[in-house]
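Summary of structural features
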Amino acid sequence: MRRPSPIFLTPLVALLVSLATPLAAFEDPYDKYRYNREEEFDYDEGLRKPWQEGQSEIPPLPKASAMLEVPIDGLGDDFEVLIDPNSLSIGEDRVVRYWLMLRSHLGAVNLHYEGINCNTGQYKAYAYGSPREASGFRAVKEPRWAPLKALRGRGFRPELQQLFCDYGLPLARRDIIKRIRDAASGFGSGRDSGPNAFF
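My aim in this report is to walk through the structure given alongside it, one point at a time. (Residues numbered from 1 in each chain as written. Predicted model: local features only at pLDDT ≥ 70, side-chain atom pairs only at ≥ 80, totals over all residues. Heavy atoms only, no water.)

Points about unusual backbone geometry
At Arg94, a position not held by glycine, the phi torsion is positive, near 65°. Among the secondary structure elements, Arg94 is positioned in the loop between strand S3 (89–90) and strand S4 (95–104). The class for Arg94 is partly exposed, based on a relative accessible area of 38%. Unlike most non-glycine residues, Tyr167 shows phi in positive territory, near 55°. Looking at the secondary structure, you find Tyr167 in the loop between strand S9 (165–166) and strand S10 (169–170). Classification of Tyr167 as exposed rests on a relative accessible area of 86%. (Helix = DSSP H or I, 4+ residues; strand = E, 2+ residues; numbered from the N terminus. Buried < 20%, exposed > 50% of the residue type's maximum accessible area, 1.4 Å probe, protein only.)

Details of the pattern of salt bridges
Scanning the entire structure with this criterion turns up nine salt bridges. Glu133 serves as the salt-bridge partner of Arg138, at 2.9 Å between the closest nitrogen and oxygen. Each of Glu53, Asp93, Arg97 and Lys124 takes part in a single network of salt bridges with overlapping partners. (Salt bridge = Lys/Arg side-chain N within 4 Å of Asp/Glu carboxyl O.)

Points about the state of the cysteines
On inspection of all chains with the given rule, the structure shows one disulfide. The side chain of Cys118 participates in a disulfide bridge whose partner is Cys165; the two sulfur atoms lie 2.0 Å from each other. The sign of the S-S torsion, about -70°, decides the handedness of the disulfide formed by Cys118 and Cys165: left-handed. Of this pair, Cys118 sits in the loop between strand S5 (109–117) and strand S6 (122–129) while Cys165 is found in strand S9, placing the two residues 47 residues apart along the sequence. In terms of burial, Cys118 and Cys165 fall into one category: buried. (Disulfide = S-S within 2.5 Å.)

As for the environment of Ile58
Along the chain, Ile58 turns up in the loop between helix H1 (6–20) and strand S1 (68–69). For Ile58, a relative accessible area of 26% corresponds to the partly exposed category. Not counting residues up to four positions away in its chain, the partners in contact with Ile58 are Trp99, Tyr113, Tyr126, Ala127, Phe137 and Ala139. (Contact = heavy atoms within 4.5 Å.)

Things to note about helix H2 (residues 157–164)
Counting buried positions along H2 gives six out of eight residues, so the element sits mostly inside the fold. Along H2, the residues that are buried comprise Arg157, Pro158, Leu160, Gln161, Leu163 and Phe164.

A look at the environment of Asp166
Along the polypeptide, Asp166 turns up in strand S9. Residue contacts for Asp166: discarding those within four places in its chain leaves Leu171 and Arg179. Within polar-contact distance, the side chain of Asp166 engages the side chain of Arg179 at 2.7 Å. (Polar contact = N/O pair within 3.5 Å; in protein donor to acceptor, adjacent residues only side chain to side chain.)

Considering the packing of H2 against helix H3 (residues 173–184)
Interhelical geometry of H2 versus H3 gives an angle of 120° and a closest axis separation of 8 Å. Judged by the inter-axis angle, H2 sits oblique to H3. On the side of H2, the interface is formed by Gln162, Leu163 and Phe164, while H3 contributes Ile176, Arg179, Ile180 and Ala183. (Axes fitted to C-alpha atoms, helices over the stretch in contact; angles between N-to-C directions. Parallel < 35°, antiparallel > 145°, perpendicular 65-115°, else oblique.)

So, in structure tokens, the structure goes:
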């Protein structure tokens, strides 16, 4: 019996060898873009830096003529809430700070320099107006963060948080001012703010 010619065996052997080659020998050019690789999820929680509150100087007492009225639902006519746009700032610690004025329908005025942490839903009072001080205000000795959630339905600060924050982050200063002005559109300009000095 005649044996097959080696000429016909060569392509067959080459095909069998190529099929036997391990798949690992071939590189997938898209491998580094695949999302199911284990190293993609190897995240070290220790690399996260804990939040730290930044230092903040108390700005000068605001002028009543520069204050922006903030309409608050359910507040009634007992008093007005106003924000000083000149003192409004967003720190590197992502805390929104501002001078706040509460003015009663009888003309009594309370001033507070405060901060709202959008991420934690807390606020802190840093200073309050005081006619006995040359600066017009007195710093709080040991200011502490307090939850805004406990005030919901019983105060105005949760609504300030809605104006200042989105998804746990503070808006840009210009956007906060625009929100306040937009919220106040259609409302009266409020009672005459009188002279620039509060006291």
